[in-house]
Amino acid sequence: MSKRPRSIGYFVFYLLFWSESWRVVLGVVLALLLAPRIVPPQMEGAAAVVVWVMLATIGYCLAGYPARKIASFWQRLILGSQRPGQRR
């Protein structure tokens, strides 16, 4: 079995089909939406960074189910009824 060449398109489709990449994106989005409302302006830099990281981590943990649904949506949209690993 020959290996496929690694190209930019390969990595883009890999990231679209991988649910972990969507979990990271959703965790960062949650942190971007909630942290400005939670972090008080007088909080020092290191403490604010810890709160941002905690919110991103909580968002990552909560995004498991939606991330799998998003990844499967992209697989169905791009690959159609073709299963990953099968060729037409």
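As shown above, the structure is provided for reference.
Conventions and cut-offs
- Residues numbered from 1 in each chain as written.
- Predicted model: local features only at pLDDT ≥ 70, side-chain atom pairs only at ≥ 80, totals over all residues.
- Heavy atoms only, no water.
- Helix = DSSP H or I, 4+ residues; strand = E, 2+ residues; numbered from the N terminus.
- Expected span 1.5 Å × (residues − 1).
- Buried < 20%, exposed > 50% of the residue type's maximum accessible area, 1.4 Å probe, protein only.
- Arc of directions from axis to C-beta.
- Contact = heavy atoms within 4.5 Å.
- Core = buried A, V, L, I, M, F, W, Y, C linked by side-chain atoms within 4.5 Å.
- Axes fitted to C-alpha atoms, helices over the stretch in contact; angles between N-to-C directions.
- Parallel < 35°, antiparallel > 145°, perpendicular 65-115°, else oblique.
- Left-handed = near helix turned anticlockwise from the far one by under 90°.
- Nonpolar A, V, L, I, M, F, W, Y, C, P; charged D, E, K, R; others polar.

Brief notes about helix H3 (residues 45-62)
Consideration 1: An ideal rise of 1.5 Å per residue puts 26 Å on 18 residues; H3 measures up with 26 Å between its terminal C-alpha atoms.
Consideration 2: Those residues of H3 that fall on the buried side of the exposure criterion are Ala48, Val51, Leu55 and Gly59. The buried residues of H3 occupy an angular sector of 70° when the element is viewed end-on, so they sit on one face. Across H3 from its buried face, at more than 90 degrees, point the exposed residues Ala46 and Cys61.
Consideration 3: Here the buried face of H3 lies against helix H2 (19-38).

As for the nonpolar core
Side chains of a nonpolar character, in soluble globular proteins, are inclined to be buried together.
Consideration 1: Ala31, Ala35, Val39, Ala48, Val51 and Leu55 together form the largest nonpolar core, which totals 6 residues.
Consideration 2: Of all the elements in the fold, those that place two or more residues in this core are H2 and H3.
Consideration 3: Here this core gets 3 residues from one element, more than from any other, and that element is H3.
Consideration 4: With near-sequence residues (within four places) excluded, Val39 lies in contact with Ala48, Val51 and Trp52.

Section: the packing of H2 against helix H4 (residues 64-79)
A pair of packed helices is captured by two measures, namely the crossing angle of their axes and the spacing between those axes.
Consideration 1: In contact at an axis separation of 8 Å, H2 and H4 are set at 125° when each is read in the N-to-C sense. By the angle between their directions, the pair H2 and H4 is classed as oblique. Both H2 and H4 take part in a crossing whose hand is right-handed. Contacts between H2 and H4 involve Ser19, Trp22, Arg23 and Leu26 on the former and, on the latter, Gly64, Pro66, Ala67, Arg68, Ile70, Ala71 and Trp74.
Consideration 2: Split by residue class, the contact of H2 with H4 holds 7 nonpolar, 2 polar and 2 charged.

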